[in-house]
Amino acid sequence: MIAPNPDQKFLVRVKRQDGESQPAYWQEFEVPVRPSQNVISVLQYIAANPTTTDGKDVEPVVWDAGCLEEVCGACTMVINGRARQSCSALVPELLAEANGGPITLEPMTKFPVVRDLFVDRQRMFDNLIKVKGWVPIDGTHSLGAGPTESPEKQEERYAISRCMTCGCCLEACPQFTKDNDFLGAQAIAQAYYFNEHETGKKLKKERLDVLMGPGGVSDCGNAQNCVQVCPKEIPLTEAIGKAGRQLTVHAVKKFFTGS
Ligand code: SF4
Ligand code: SF4
Ligand code: FES
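Presented here is an overview of the structure given in this document. Note that this is a predicted model, so its numbers are computed, not measured. (Residues numbered from 1 in each chain as written. Chains lettered and ligands numbered in written order. Predicted model: local features only at pLDDT ≥ 70, side-chain atom pairs only at ≥ 80, totals over all residues. Heavy atoms only, no water.)

To continue, consider the site of ligand 2. Around ligand 2, the structure places Cys163, Met164, Thr165, Cys166, Gly167, Cys168, Cys169, Gln186, Cys230, Pro231, Ile234 and Leu236. Of the residues contributing to the shell around ligand 2, the split by class is 9 nonpolar, 3 polar and no charged. (Near = heavy atom within 4 Å. Nonpolar A, V, L, I, M, F, W, Y, C, P; charged D, E, K, R; others polar.)

Given below as structure tokens:
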């Protein structure tokens, strides 16, 4: 591998905002090329050298991060126009797709901006509470072995379990907006995941009642953007389709039995 030239520099444009109700503005920074550089290391450089290309000393850019290995989703932002994780977005690839630069960094647009590139993803966690995204376990004492699950079912659920609540699927979804109550692909897929869990299915009816209500599965327009952008390659549209079939059965049962 050819070592990067330490004198080489590239430009980074950052969309900044002091808070959700504040106006957004752009600033440009020059950053030296370093080996194994990702967007987090670019932001660390800017934090240590917060001077724009027109010579102004500014407040360091604010962003969020946790695991630094594409597991927590906290560092997700819109990079060169596409929502992705800044810890796994590598500078050489970003420069190649931007024809040498500048690399653009923006906050996701579907969540309130806390500051600069840091957004509040709380709606996703609230939606997980709405769809009861957990396995109900009564008490902390040993309950013995749980029900068995087929390898095929484990494999199907494993794919969905990789969700890191990053928000890329919601950023890309035309139906998910800041001012509506659509649950979005992430929460619907998780509801399906827990409905298919042998113990989790104890709450299946309650989850399906939520998915049948406002903001539920019927609000999905099947645009399929979500499945194309999910960094964990979760089969989101398949999960939404299967949740939709569970809903149909649930609705028919409800019609005849009232529960
Ligand atoms: S299929 Fe389309 S409308 Fe439905 S959740 Fe995915 S992106 Fe949104
Ligand atoms: S489903 Fe995929 S894109 Fe959506 S929040 Fe989970 S990991 Fe991110
Ligand atoms: S810091 Fe956790 S996904 Fe990037």
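Resuming the write-up.
Throughout the structure, instances matching the rule amount to 3 aromatic pairs. Taken together, a centroid distance of 6.2 Å and an interplanar angle of 50 degrees make the contact between phenylalanine 111 and phenylalanine 176 tilted. With phenylalanine 111 in the loop between β5 (103-106) and β6 (113-115) and phenylalanine 176 in the loop between α5 (168-172) and α6 (184-195), the pair connects residues that are 65 residues apart, well separated along the chain. Accessibility expressed as a relative area gives 0% for phenylalanine 176, which makes it buried. Between phenylalanine 255 and phenylalanine 256 the ring centres are 5.2 Å apart and the planes differ by 85 degrees, which places this aromatic pair in the edge-to-face class. For arginine 13, the ring lying beneath its charged end belongs to tryptophan 26, and the centroid distance is 4.4 Å. (Phe/Tyr/Trp six-rings, centres within 6.5 Å; stacked < 30°, edge-to-face > 60°. Helix = DSSP H or I, 4+ residues; strand = E, 2+ residues; numbered from the N terminus. Buried < 20%, exposed > 50% of the residue type's maximum accessible area, 1.4 Å probe, protein only. Lys NZ or Arg CZ within 6 Å of the ring centre and 35° of its normal.)

Attention now moves to the site of ligand 1. With respect to spatial proximity, 13 residues lie near ligand 1, and among them Cys173, Cys220, Ala223, Gln224 and Cys226 are the closest. For the shell around ligand 1, the elements supplying multiple residues, two or more each, are α8 (225-229) and α9 (236-257). Broken down by class, the residue content of the shell around ligand 1 amounts to 7 nonpolar, 6 polar and no charged.

What follows covers the environment of asparagine 99. Note on placement: asparagine 99 falls in the loop between α2 (91-97) and β5. Its relative accessible area of 76% is what places asparagine 99 among the exposed residues. Counting along the chain gives 104 residues from asparagine 99 to leucine 203, while the straight-line C-alpha distance between them is 51 Å.

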